[in-house]
Amino acid sequence: MPKPAESRWGILLLAVAVLSAIALMIPFLSAGPLTLDEHCSYWLIESDVPSTILERSLTEAAIPPLSAWFQWCLIQIGGRNELMLRLGSAIPYVLAIPVMFRLGKDLGGSMVGGISCLILAWHPEAMDEVRIGRCYGLMILLSAVSFLVTVRWLKSPSRWSYAILWGLIGGALLWTHYLTAPVLAVQLVVLLGLFRIGSTASRPPLMHLAAGVLIVVAFGVPLVPSVIRMAEWNSAFGFGQQPTPLWELFGPIWVVGLVVGLVMAKLVTGRSLSKPYEVNSRHALVVLLVWGLAPLVMMAVVTHLGMPGLNNPRYRVAFAVPGACCLALLLVRYHSPVGAAVGAVALLVAAWSLETHRVWQPGRVSGVERFHWREIALTIERDAQPGEPVFVQSGLMEGFLVPQFFNDPLFMDYVACRVSKFYLPSFHPRYALPFLWNGGAPLIDYYRTLIRQHGDQSRAVWVACATDTDLCRNSLPAMHLLLSEAGYQLVDRQTHSTAELVRYELREGRKVLPSDATR
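Since the structure is predicted, the reported quantities are computational estimates derived from the model, not experimental observations. Throughout this document, residue positions are counted from 1 along each chain, in the order its sequence is written. Selection of residues for local features in this predicted model requires a pLDDT of at least 70, selection of side-chain atom pairs for listing and counting requires 80 or more, and totals for whole chains, interfaces and linings are taken over all residues. The side-chain values count all of the structure's non-hydrogen atoms but skip hydrogen atoms and water molecules.

**Some points on empty space enclosed by the protein**
Only protein atoms enter the 1 Å grid, on which a cavity is a set of points fitting a 1.4 Å probe that cannot get out and a pocket is an open set with protein on both sides within 12 Å along at least 5 of 7 lines, lining residues being those with an atom within 4 Å of a point. Grid points are joined across faces, edges and corners, and a volume is the space filled by probe spheres set on the points. Summed over all chains, the structure comprises 2 cavities of 30 Å³ or more. Of the pockets and cavities examined, the largest cavity occupies roughly 110 Å³. In this text, helices come from DSSP runs of H or I with a minimum length of four residues, and strands from runs of E with a minimum of two, each type numbered from the N-terminal end. Those elements that provide at least two residues to the lining of the largest cavity are helix 7 (124-130), helix 13 (246-250), helix 14 (252-271) and helix 17 (320-332). Under the convention adopted here, Pro, Cys and the residues Ala, Val, Leu, Ile, Met, Phe, Trp and Tyr are nonpolar, Asp, Glu, Lys and Arg are charged, and Gly plus all remaining residues are polar. Broken down by class, the residue content of the lining of the largest cavity amounts to 10 nonpolar, 2 polar and 2 charged. By volume, the second largest cavity is sized at about 30 Å³. Taken together, Trp43, Glu46, Ser47, Asp48, Asp413, Cys417, Ser420, Lys421 and Arg430 make up the lining of the second largest cavity. Split by residue class, the lining of the second largest cavity holds 2 nonpolar, 2 polar and 5 charged.

Right, dumping it as structure tokens:
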């Protein structure tokens, strides 16, 4: 294909990708109340327990603090609202599209760049994870920048600027999510010269590589205690989960979409008057397969070896970038521009046809429970006096760890974050309730002591409990018994299909005595 024609196709596809990515963010940005994971994000930004974003992230939460710092900046600009929190994921995702174009163009030309950014803009697994106010949009942007810097570095191996930039972007990736480490590992495999992206590319000098790696290590060392903590908690996070079948780990875009896309590209090319686009891409294709598929194979092995909690699609989001580029290269290679474009559309339609929701539906932020929990928080904000305690069964997986860490106020506040300060800004001590009351006498005495202490200061206690699973519902009867024995009576109840709010008050003339908390 002549270069001007190729460039026009690439720019056209880039424009379509950017505009469609923006359009696909609109249902997410206007989705209404926060979901559970978004409350976790906001808890990193604000908590009633004195602490910093850095402390809350590294000691309690499941992700490092970089995305929370970004969301904090947006909230300072636009105020505390759902839009600002979610823009922290949407903005980086849209910005990743032009970066993706540059990456594809460097590896296979403008046509590859255009197809790859179109696939990323509509990628089913990436879209589901990005359309939630978490770290995944930022993860995709940094992943795209990191792969682009790696390719540029391989083409200009002696430039120190690329070594330093690769290390800094790698550090930012680690501070966005712990499971971005495999991104840097597969890049390092290529940087070490085990695979080549082209006949003219070469391995960077050893000193340059060492400098880049040392920068990444410097960023990674402070995260080691948090990684160890997460590994120790893994058994709780994997409760009741089974390893995902291998084909599901690759996702419908690889298993079904690629086959349909290649068939359509071949059929259209055969009927097209334009010549197939021939690109010398063998080296780049091998590297992209290593970058895009090898980590998925490694994750499949790990999940089947006893860590089923890692089978969640969100942990594969960073590899959507090389995956999309690899798919684009396969579609463009030996196919006409129209054939490649039609093949890409067919690939995406086939992949989305296997999803449980439509592309315009933000699957992660569409549940009715979001409205119930907002109503619960607003009720407490309206009817409660500041300082009245709130006991919460959020349904968060860390609830399994309450019997172990109930003496950690910050941890208990985190697990209770479904009643976060986003909708309940006034001061209310929040305490998580366990899924299983299997902590013995120390756990029971802890809650009895809390009830006694707060009974000396306020007469009302609030209990908010998810009711959409048996495990969540089991938290409420035990708490009811503890409050009843301490002299509290149920005075009001707000019931929803997925959650319940109960208000208790001390009986008239009754005061919580020390004996109530110790007998």
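**Some words on the pairing of strand 1 (residues 390-393)**
Each residue is placed in one exposure class: buried if its accessible area under a 1.4 Å probe, protein chains only, is under 20% of its type's maximum, exposed if it is over 50%, and partly exposed if it falls in between. Where burial is concerned, the two faces of strand 1 agree: the one with Val390 and Val392 and the one with Phe391 and Gln393 are both buried. Any two strands between which DSSP finds at least two bridges are classified as paired. Here 3 bridges tie strand 1 to strand 2 (residues 430-432), and the two strands are oriented parallel to one another. Looking across to strand 2, one finds that phenylalanine 391 is bridged to tyrosine 431. Two strands pair when backbone bridges link them, and strand 1 and strand 3 (residues 460-466) are joined in this way by 4 bridges, in the parallel orientation. Bridge pairing in strand 3 links valine 390 to tryptophan 462.

**A closer look at the confidence of the model for the protein**
By definition, pLDDT measures how confident the predictor is in each residue, and it falls between 0 and 100. In this model, the protein carries a mean pLDDT of 88, and residues with pLDDT of at least 70 account for 89%. The lowest-confidence element of the protein is helix 25 (residues 514-518), averaging 42 in pLDDT; the highest-confidence one is helix 4 (residues 66-78), averaging 97. Note on contacts: a residue pair qualifies if any of its non-hydrogen atoms lie within 4.5 Å across the two residues. In the model, residues 515-519 has pLDDT below 50 throughout and makes 11 contacts with residues more than four positions away in sequence or in other chains.

**Considerations on a nonpolar patch on the surface**
A grouping of Trp160, Ile164, Leu168, Met207 and Phe219 is seen on the molecular surface, where their side chains present a nonpolar patch of about 490 Å² in accessible area. If you list the elements that add at least two residues to the nonpolar patch, you get helix 9 (160-174) and helix 11 (206-220). Per-element accounting of the nonpolar patch gives the leading share, 3 residues, to helix 9. As for its position among the elements, tryptophan 160 is in helix 9. Here tryptophan 160 falls in the partly exposed class, since its relative accessible area comes to 41%. Candidates for patches are residues over 30% relative accessible area with no salt bridge; among them, like charges are joined within 9 Å and nonpolar side chains (Val, Leu, Ile, Met, Phe, Trp, Tyr) within 5 Å. A 1.4 Å probe and the Shrake-Rupley method give the accessible areas. Residues count as covered only by the protein chains that appear here. Here a salt bridge means any side-chain nitrogen of Lys or Arg lying within 4 Å of a carboxyl oxygen belonging to Asp or Glu.

**Here's the deal with the pattern of salt bridges**
Under the criterion given, the structure shown has 16 salt bridges. Residue arginine 364 is joined to glutamate 129 by a salt bridge in which the shortest nitrogen-to-oxygen separation is 2.3 Å. With arginine 364 in the loop between helix 18 (337-353) and helix 19 (369-383) and glutamate 129 in helix 7, this pair connects stretches of sequence that are 235 residues apart. Relative accessible area serves as the criterion here: at 5%, glutamate 129 is assigned to the buried category. Taking the shortest distance from any N to any O, the salt bridge between arginine 473 and aspartate 470 comes out at 2.2 Å. Here arginine 473 pairs with aspartate 470, and both are found in helix 23 (residues 470-473), just 3 residues apart, close to one helical turn. Relative accessible area serves as the criterion here: at 36%, arginine 473 is assigned to the partly exposed category. Among the residues examined, aspartate 470 registers a relative accessible area of 52% and is labelled exposed. Residues joined by salt bridges that share partners form a network here, namely Asp37, Glu129, Arg314 and Arg364.

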